[in-house]
Amino acid sequence: MRKEMSEVTRVDQAPQENRMVSPWLLTTGWHKHVIGHEVAALRKLVEIPQETHTVMPGIATAVEQYFESTLILLDTTDELILQRLNTPDPSKGGINNTPLHRHQEAETLKSYIRSTIGLLAMLLRTIRGDEYKIPMPQHLIAALQGLELALVEKEMTTEKVHAVLTMVWMAKWVKTEDNTTPCPTERFMALHTLEADGRHREPVHITPTFARLEYCIRLACLKQLKIISAELYDGDDEAACNALQPWFTEKTNSPFSRIRSLQHRASAIAYSTMSLPRVWWTDRRRWMEMLYRGEKVHINDLRDMFASTEKKLVDLWENKVLAGVTVRASYEDLVDDTSNHDVGYSFLSDHRNTCFADRDLFLKALIDDGEAFERFAVVRQGRLVWNKGALLKWLRDYAEFQKLVLARCEMLSGAPGRGTELTAMTYRNTKAIMLGENLTMLRTYHKSGALSGVDKLIPHSIDGVTADIMIQDLALTRPFGEIAAHICYPDKPEIKEMYRNNIYVNDARLFNTDQLSAAMARESVSFIGFGLGVNSWRHISTAFKRKLGRFAEELLEEDDQDTVEALQAGHNRSTENRVYGLSPDALAGGAEDLLPQFIQASTNWQLLMRAVPGGLKLAYTDARAHCFK
């Protein structure tokens, strides 16, 4: 009987007492909307179908192609039009100076369109189903049937997707007594946020979906703008924009306005809600041990983990990347002009750093070591013949080495930043710079960057071992990597360019945040019993810094004043206090630590983790953890 009860979860009635309902649901009424329906059936409606689905085959691909076609229009649209499209409420602060634009990462579009795919799947399913009905005008039903046929025949899918989206997003959905949630987009959100146990997702987890829907609506409006500009306004995009303005502006009777209104409310609730503690301190005297979501984490285990990754890093560097060849680029007092914005500039290319003038040091050392060189190439009839298989293996080994460098930079350079920004970082044009004697990453991602259009510089100093090995790598083996990439991928010059510019390379591509989390998990699981990812590391490291990061502290008069630690993590003080690494002590609202400088913040964290900090001008062989004093 219990098995049968667990298999079907049904929402039969709303709580009689409003105090049992969250403020979010009281304003949306979504909990009432799902009454009388099986939760699993509702969740199935908004599920993204497989590419081989019988009714809507290839719908995900069709939607992606549609939005790719809208992005192409950005290049032929006047900037003022794009600024207006990117202005949700011009009556407040005028027209946004930042135009509607592509995302930094091409892969981001795939995550942004998932909500639109789910919306279309829901509409296609409901015109066939009996359990859950959405009242729709006849012309929308006809458009959905046309899309269904186009998906099966694989013809004109872009036009059919656009036809449906314009009818859904560029129409007034009026409430009636029998239909209090008429807008299909809001209905999708009500079902999309439904969990398997019948509850709705918290507002903090919903706001990203709202933002993605808004972006897709804007792109659909751009597509429609171009169509009616040609058909009705003799190519006058501004007149077409005026006609479409209500459909991408707040405070109008439009789905866009409804989504924006819900997002404002969700954001307000999310920002004012204190996260429940993930951290419970079991050592309340020295603050050396905590429970993170019930899992024990001792600071000595983290130190052992970093000592282990250091050992692995050195082994990979000496035996795999250098292939056993002994070579070093000796340097002292490196010069870096951080104001130099010449294309391709870095401290490695600065002519004053003569130690880096010869980019073939490693290749020459490899040639001098005949046995090592024979693994990669042989001379036949006076010509050099490369062993492509050996070079491909070297690139794979190099990727493993780079993965470890990436993980250490994320975990040992101070407060953790954003994985998406770190994995795509370049070492040219002042992204990896020398600040004094410290090799420093300038991380520029900030959560408000997409809204403000401003990148904030966030310096992170790299620990001694990793910093020296990174300099050796960029000076010695990266030029060899460019050669290997050119030989192994002759028809893909962009890969060679990636080796020339990016700090971290993963064979023929860049790393992503998921791969960074996987690398961190692999290195941590044997020391703390579970795998640390980017998110869990942010919470754990923040909690330890709160208690043990009081080097040269300056207590704040007001707890909402930003600290260097919080800013270095890419968020403000209030966000850190409200979300990250919370224990019951933080809920009491006491003042937290303030470290005086970004570089010192990184150094203090490295000292705490028993890693030799950067800036000491030590070779990696002299900066090992066992040298810690």
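One structure accompanies this document, and this report is about it. Quick caveat, the model's predicted, so the values are computed rather than measured. Starting from 1, residues in each chain are numbered consecutively following that chain's sequence as written. With pLDDT at 70 or above as the cut-off, local features in this predicted model cover only qualifying residues; side-chain atom pairs require 80 or more to be listed or tallied, and sums for whole chains, interfaces and linings still use all residues. To get the side-chain values, all heavy atoms of the structure are used, and hydrogens and water are removed first.

Spatially, the 3 strands line up as an open sheet ordered β3-β4-β5, and their pairing is antiparallel. The open sheet terminates on both sides in strands that have one partner only, identified here as β3 (279-281) and β5 (295-298). For this sheet the average axis-to-axis angle between neighbouring strands, irrespective of direction, equals 30 degrees. The criterion for strand pairing is that DSSP finds at least two bridges linking the strands in question. Strands are runs of DSSP state E lasting at least 2 residues, helices are runs of H or I lasting at least 4, and numbering of each runs from the N terminus. Pairing between β3 and strand β4 (residues 289-292): 3 bridges, direction antiparallel. Following the sheet pairing, Trp280 is matched in β4 by Leu291. Running over the sheet, helix α25 (residues 534-548) touches β3, β4 and β5 and is turned about 150 degrees from β4. Where helices are involved, their axes are fitted lines through C-alpha atoms of the stretch in contact, as for all axes, and angles between N-to-C directions lie from 0 to 180°. In what follows, a contact means two residues having at least one pair of non-hydrogen atoms within 4.5 Å.

With that settled, the discussion passes to the pattern of salt bridges. Salt bridge criterion: a side-chain nitrogen from Lys or Arg within 4 Å of a carboxyl oxygen from Asp or Glu. According to the stated counting rule, one finds 26 salt bridges in the structure shown. Residues Glu195 and Arg201 are paired through a salt bridge, measuring 3.5 Å at the closest nitrogen-oxygen approach. The shortest N-O distance in the salt bridge between Lys364 and Asp358 comes to 2.8 Å. Relative accessible area decides the class of each residue, using a 1.4 Å probe on protein chains only: under 20% of the type maximum gives buried, over 50% gives exposed, and in between gives partly exposed. Judged by its relative accessible area of 43%, Lys364 falls in the partly exposed class. By sharing partners, the salt bridges in this structure join Lys312, Glu400, Lys403, Arg522 and Glu523 into a single network.

Of note, Ala323 is a non-glycine position whose phi angle comes to about 55 degrees, a positive value. Here Ala323 lies in the loop between α16 (299-321) and α17 (361-368).

Turning our eyes to something else, we now look at the packing of helix α13 (residues 207-232) against helix α14 (residues 237-244). Packing of α13 against α14 leaves a shortest axis separation of 8 Å and a crossing angle of 125 degrees. By the angle between their axes, α13 is oblique relative to α14. Regarding α13 and α14, the two cross each other, and that crossing is right-handed. Side by side, α13 and α14 meet where Cys221, Gln224, Leu225, Lys226, Ile228 and Ser229 of the first sit next to Asp237, Ala240, Cys241, Ala243 and Leu244 of the second. Only Asp, Glu, Lys and Arg are considered charged, only Ala, Val, Leu, Ile, Met, Phe, Trp, Tyr, Cys and Pro nonpolar, and every remaining residue, Gly among them, polar. Partitioning the contact of α13 with α14 into residue classes produces 7 nonpolar, 2 polar and 2 charged. Orientation is classified from the angle alone, with under 35 degrees giving roughly parallel, over 145 giving roughly antiparallel, 65 to 115 giving roughly perpendicular, and any other angle giving oblique. Put simply, a crossing is left-handed when the front helix is turned counterclockwise from the back one by less than a right angle, and right-handed when it is turned clockwise.

By size, the foremost hydrophobic cluster in this structure holds 91 residues, and its most contacted members are Leu302, Phe401, Tyr504, Ile540 and Phe544. For this core, the element with the highest residue contribution is helix α19 (residues 388-412), accounting for 13 residues. Once you skip the residues sitting within four places of it in the chain, Ile540 turns out to touch Met290, Tyr292, Val297, Leu302, Phe530 and Leu532. Side-chain atoms within 4.5 Å are what join buried Ala, Val, Leu, Ile, Met, Phe, Trp, Tyr and Cys residues into a set we call a nonpolar core.

Hydrogen bonds between backbone atoms are what pair the strands of a sheet, whose relative direction is either parallel or antiparallel. Pairing is antiparallel in the open sheet, where 3 strands are placed in the order β8-β9-β10. On the outer flanks of this sheet lie β8 (432-435) and β10 (458-461), each paired with one strand and no other. Strand after strand, the sheet turns through a mean of 40 degrees between neighbouring axes, direction not considered. In this structure, β8 lies alongside strand β9 (residues 438-443), joined through 4 bridges in antiparallel fashion. In the strand pairing of β9, Ile433 is matched with Thr440. Lying on the sheet, helix α29 (residues 598-608) is in contact with β8, β9 and β10; it crosses β10 at an angle near 35 degrees.

A few words now on the packing of aromatic side chains. Pairing of aromatic side chains requires ring centres within 6.5 Å, counting the rings of Phe and Tyr and the six-membered ring of Trp. Pairs whose planes differ by under 30 degrees are stacked, by over 60 edge-to-face, and all others tilted. In the structure shown here, the tally under the stated rule is 20 aromatic pairs. With a centroid separation of 5.8 Å and an interplanar angle of 35 degrees, the aromatic rings of Tyr398 and Phe401 are classed as tilted. Here the residue Tyr398 and the residue Phe401 both occupy positions in helix α19, the gap between them amounting to 3 residues, near one helical turn. In textbook terms, an aromatic cluster arises when at least three aromatic residues are bridged by ring pairs, as seen for Trp317, Phe362, Phe373, Phe376, Trp386, Trp394, Tyr398, Phe401, Phe480 and Tyr499. The rule is short: NZ of Lys or CZ of Arg within 6 Å of the ring centre and within 35 degrees of the ring normal puts a charge over the ring. Above the face of the Trp287 ring, Lys547 is positioned so that its terminal group lies 4.5 Å from the ring centre.

At a closest axis distance of 9 Å, the pairing of α16 and helix α24 (residues 513-528) adopts a crossing angle of 135 degrees. In terms of orientation, α16 and α24 fall into the oblique class. Helix-helix and strand crossings are classified by hand; for α16 and α24 the assignment is right-handed. Here α16 contributes Asp301, Leu302, Asp304, Met305, Ser308, Thr309 and Lys312 to the contact with α24, which in turn contributes Glu523, Ser524, Phe527 and Ile528. Tallied by class, the residues present in the contact of α16 with α24 amount to 4 nonpolar, 3 polar and 4 charged.

With that out of the way, let us pick up the state of the cysteines. Disulfide assignment relies on a single distance test, namely cysteine sulfur atoms paired within 2.5 Å. All chains considered together, the criterion is met by 0 disulfides. Looking at Cys241, it has no disulfide partner, and the nearest cysteine sulfur is the one in Cys221, 9.0 Å off. Exposure remark for Cys241: the relative accessible area of 0% places this residue in the buried category.

On to α17, then. All of the buried residues along α17 are Phe362, Leu363, Ala365 and Leu366. All buried residues of α17 fall inside an arc of 160 degrees around its axis, so they share one side. As for α17, its buried residues are in contact with α16, α18 (370-373), β7 (383-386) and α22 (464-488). What the arc covers is the set of directions going from the helix axis to the C-beta atoms.

Glancing now at the pairing of β9. A regular strand carries its side chains on alternate faces of the sheet. Burial of β9 is extensive: 6 of the 6 residues sit out of reach of the surface. Neither face of β9 is left uncovered, since the one carrying Asn438, Thr440 and Leu442 and the one carrying Leu439, Met441 and Arg443 both have all their residues buried. Following β8, the chain reverses through 2 residues before pairing antiparallel with β9; Gly436 in that reversal takes a positive phi of roughly 70 degrees. Pairing of β9 with β10, which is carried by 4 bridges, proceeds in the antiparallel orientation. Within β10, the position partnered with Thr440 by the bridge is Ser461.

It is worth spelling out the side chain of Glu410 at this point. In this fold, Glu410 is placed in helix α19. Setting aside residues up to four positions removed in sequence, Glu410 forms contacts with Pro416, Gly417, Leu422, Arg443, Leu516, Met520, Val534 and Trp537.

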